[in-house]
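Here is how the chains run, residue by residue.
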Amino acid sequence: MSDVILFTVDEGLARLTLNRPERLNAFNAELAHAWRDATVEATTRDDVSAVLIDAVGPAFCAGGDVIEMATTGGSETDIAALAEVINTGIRALTESAVPVVAAAHGTTAGGGLGILLSSDYAVIGGRSKLGSLYANIGLTPDLSVSAQLARAVGQRRALQLVLQDRMLTAEEAVEWGLVAEAVAGEDAVTEAQLVRARAEEVARFWLDGAAAAYGQAKRLVRSQPERSFVEQLSEEARSIGAAMATPDAQARIAAFAAQSRSR
């Protein structure tokens with residue numbers, strides 16, 4: 001795995017760390033391909049039941065590397081192809097039955113929002129700022145921002161963000177439902193550490209519980225837009241039936257029943 005993505009697996013938890021701090025973890029071709037490879041591996045390994053995404057440096061992700069774009073150029077075809085490489089990783093996360101938590105300290109902007117939205121639970125810092133900013137450089141949303149932002153916060157708020165030069169505060173991001181929670185620290189370095197620690201707590205909660213059930217619950221919610229209401233009811237029925245047959249569910253149901261009878 002390339003050094004621009006740090007990839008580890010420990011006791012069921014795959015950690016993907018964006019590692020281009022000198023560019024605020026903005027995506028270039030190297031990071032795009034490393035991201036695709038890491039996300040696909042994390043969501044297909046048998047020994048992974050949860051994924052944590054974090055970043056090195058003062059920011060989570062500033063989207064695309066605009067400085068590199070300006071320096072090296074790149075055709076319309078090149079930019080679109082690179083976005084599709086990153087999209088493969090986004091789809092790996094959102095379509096899998098593996099829950100994903102993001103530890104997004106500092107700034108998240110542009111395509112970084114799409115990376116954040118690819119998580120199922122996001123923790124940010126009290127100093128964090130989040131925004132679109134695509135139009136500031138004459139570009140349009142990519143990396144799932146137009147696909148996922150309105151689902152997360154509603155169409156009107158999504159339009160407010162993409163049609164204005166606006167950065168949300170951590171408090172606003174929580175209020176809008178863009179992220180799950182914000183963690184404050186006495187300084188930026190401490191805050192980043194606390195954000196990572198809290199995100200790992202969330203992941204360990206999944207791993208210490210019915211990890212497979214959490215994963216399937218995530219899949220049901222994420223995949224719902226693909227189905228009609230009736231189709232979703234059928235998929236829920238199929239899924240709970242399959243879950244009922246697992247040894248984990250059998251053991252948990254028996255333990256619950258025994259505990260209830262002892263009261």
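The preceding data block contains the structure.
Analysis parameters
Residues numbered from 1 in each chain as written. Predicted model: local features only at pLDDT ≥ 70, side-chain atom pairs only at ≥ 80, totals over all residues. Heavy atoms only, no water. Helix = DSSP H or I, 4+ residues; strand = E, 2+ residues; numbered from the N terminus. Rg over C-alpha atoms; globule rule 2.2 N^0.38 Å. Buried < 20%, exposed > 50% of the residue type's maximum accessible area, 1.4 Å probe, protein only. Contact = heavy atoms within 4.5 Å. Areas by Shrake-Rupley, 256 points an atom, 1.4 Å probe, with all protein chains shown as cover. Lys, Arg positive; Asp, Glu negative; His and termini not counted. Charge placed at Lys NZ, Arg CZ, Asp CG, Glu CD. Pairing = 2+ DSSP bridges. Axes fitted to C-alpha atoms, helices over the stretch in contact; angles between N-to-C directions. Salt bridge = Lys/Arg side-chain N within 4 Å of Asp/Glu carboxyl O. Right-handed = clockwise from strand over helix to strand, strands pointing away.

Undergrad: For this particular structure, what's the right way to read the overall build of the chain?
TA: When you go through the chain residue by residue, the secondary structure sums to 11 helices and 9 strands. By the compact-globule yardstick of 18 Å for 263 residues, the chain fits well, its C-alpha radius of gyration being 19 Å. Counting the 263 residues in the chain, one finds 42% classified as buried. Nonlocal contacts in the chain, meaning residues at least 24 apart in sequence, comprise 71% of its contacts between residues at least 6 apart. When the accessible surface of the chain is summed, it comes to about 13200 Å², and 55% of that surface belongs to carbon and sulfur atoms. Taking the 23 positively charged and 34 negatively charged side chains of the chain as two groups, their mean positions are separated by 6 Å.

Undergrad: In this structure, what is going on with the sheet that holds strand β1 (residues 5-10)? I would like to understand it.
TA: Paired through their backbone hydrogen bonds, the strands of a sheet run either parallel or antiparallel. Taken together, the 6 strands give an open sheet; going across it, the order is β1-β2-β3-β4-β6-β9, and neighbouring strands pair in mixed fashion. Here the strands that pair on one side only, and so sit at the sheet edges, are β1 and β9 (181-183). For this sheet, the mean angle separating the axes of adjacent strands, direction not counted, is 20°. Pairing geometry for strand β4 (residues 100-104) and strand β6 (residues 121-125), over 4 bridges, is parallel. Bridge assignment links A103 to a residue of β6, and that residue is V123. Lying on the sheet, helix α1 (residues 29-44) is in contact with β1, β2 (13-18) and β3 (50-55); it crosses β1 at an angle near 10°.

Undergrad: When you look at the environment of A97 in this model, what are you seeing that I'm missing?
TA: Residue placement: A97 occurs in the loop between α3 (76-95) and β4. Along the sequence, A97 and A212 sit 115 residues apart, while their C-alpha atoms lie 7.8 Å from each other.

Undergrad: Explanation requested: the pattern of salt bridges in the structure shown.
TA: Here the structure, examined in full by the defined rule, presents 23 salt bridges. Put simply, R127 and E191 hold a salt bridge, and the shortest N to O gap is 2.9 Å. With a gap of 64 residues between them, R127 in the loop between β6 and β7 (129-131) and E191 in helix α8 (residues 188-208) connect regions that are remote in the sequence. Overall, the relative accessible area of 41% leaves R127 in the partly exposed class. The partner of R166 in a salt bridge is E172, with the nearest N and O atoms 3.3 Å apart. Several salt bridges share partner residues, and in doing so they unite D10, E11, R15, D54, R196, E200 and R204 into one network.

Undergrad: So what exactly am I meant to see when it comes to the sheet that holds β7 here?
TA: Here 3 strands make up an open sheet; going across it, the order is β5-β7-β8 and the pairing mixed. Only two strands of the sheet have a single partner each, and these edge strands are β5 (107-109) and β8 (167-169). On average, each strand axis in the sheet is inclined to that of its neighbour by 20°, with strand direction left out of account.

Undergrad: Would you mind going over the pairing of β3 with me for this structure?
TA: On any regular strand, side chains alternate: one points to one face of the sheet, the next to the other face. Counting buried positions along β3 yields 6 of 6 residues, so the element is predominantly enclosed. Alternating residues of β3 divide into A50, L52 and D54 and V51, I53 and A55, and every residue in both groups is buried. Sheet topology note: the β2/β3 ladder contains 6 bridges and is parallel. Residue L16 lies in a different strand from β3, and its bridge partner there is I53. Of the crossover connections in this fold, the one passing from β2 over α1 to the parallel β3 is right-handed.

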